[in-house]
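# Descriptive structure summary
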Amino acid sequence: MFKLCGILLLRTGCVGFAYSLCREKQRKILLLKEFKYLYARMQNEMQYAKDPFPALFLRLSENVSEPLSGMLQRISRQMSPSQSIGFEEVWQKEAALVLKEYALDELPKNTILRFPAFMSLWECGGQVKALQRQIDELEHMIAELESEEKSKRKMIMSLGVAAGLFLTIILL
């Protein structure tokens, strides 16, 4: 009876570990999609509302999910007129806190962190174009990650099942 329970727990653990690896890749893709959505919303707001960044980020925080919602609220508070912190410094600090939880590769991470450098160099029309370039870069990265995740998911799950069977045979 104990052997049977041990075998079931061992197999379940191996498959669960493989599933958690696949789930982690999906979380990264979802975060990049959320940033892409944020940039698209920001692009629309800049074209039509033309509000200053603190008001823009506060309004955008209502339309995105966590962790970006909290990040935008903190950025809005820190960029208030009473604070003397620049947009680039605040964005990099707050975005680094969010990205730390997701362990992104260097390219997507750097793309998100260098976002303010493109925004501060242009007027509104140029900022909208810079946002479009960011959106295009994220779309490309998302497509690459999704194709990679799709091809590796089957392999990871198969290895998880095989490892469970292998360990079961060894322990019997």
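Structural notes, computed from the coordinates.

### Focus: helix α2 (residues 53–61)
- For α2, the full list of buried residues reads Phe53, Leu56, Phe57, Leu60 and Ser61. Down the axis, α2 shows its buried residues gathered within 135 degrees of arc, on one side only.

### Quick look at the side chain of Gln43
- Position of Gln43 among the secondary structure elements: in helix α1 (residues 2–48).
- In contact with Gln43, other than residues within four places in its own chain, are Val128, Leu131, Gln132 and Ile135.

### Overview of the packing of aromatic side chains
- Tallied over the full model, the rule gives one aromatic pair.
- Their ring planes at 50 degrees and their centres at 6.1 Å tell us that Phe35 and Tyr39 sit as a pair that is tilted. Of this pair, Phe35 and Tyr39 both sit in helix α1, four residues apart, roughly one helical turn.
- Judged by its relative accessible area of 0%, Phe35 is buried.

### A short note on the packing of helix α3 (residues 68–78) against helix α4 (residues 87–100)
- Two elements in contact, α3 and α4, have axes whose closest approach is 10 Å; the angle formed by their N-to-C orientations is 155 degrees. Compared by their axis directions, α3 and α4 come out roughly antiparallel. Both α3 and α4 take part in a crossing whose hand is right-handed. Between α3, through Leu68, Met71, Leu72, Arg74, Ile75 and Gln78, and α4, the contact on the second element is made entirely by Val90, Trp91, Lys93, Glu94, Ala95 and Val98.
- Within the contact of α3 with α4, the residues separate by chemical class into eight nonpolar, one polar and three charged.

Quick notes on the rules
Residues numbered from 1 in each chain as written. Predicted model: local features only at pLDDT ≥ 70, side-chain atom pairs only at ≥ 80, totals over all residues. Heavy atoms only, no water. Buried < 20%, exposed > 50% of the residue type's maximum accessible area, 1.4 Å probe, protein only. Helix = DSSP H or I, 4+ residues; strand = E, 2+ residues; numbered from the N terminus. Arc of directions from axis to C-beta. Contact = heavy atoms within 4.5 Å. Phe/Tyr/Trp six-rings, centres within 6.5 Å; stacked < 30°, edge-to-face > 60°. Axes fitted to C-alpha atoms, helices over the stretch in contact; angles between N-to-C directions. Parallel < 35°, antiparallel > 145°, perpendicular 65-115°, else oblique. Left-handed = near helix turned anticlockwise from the far one by under 90°. Nonpolar A, V, L, I, M, F, W, Y, C, P; charged D, E, K, R; others polar.

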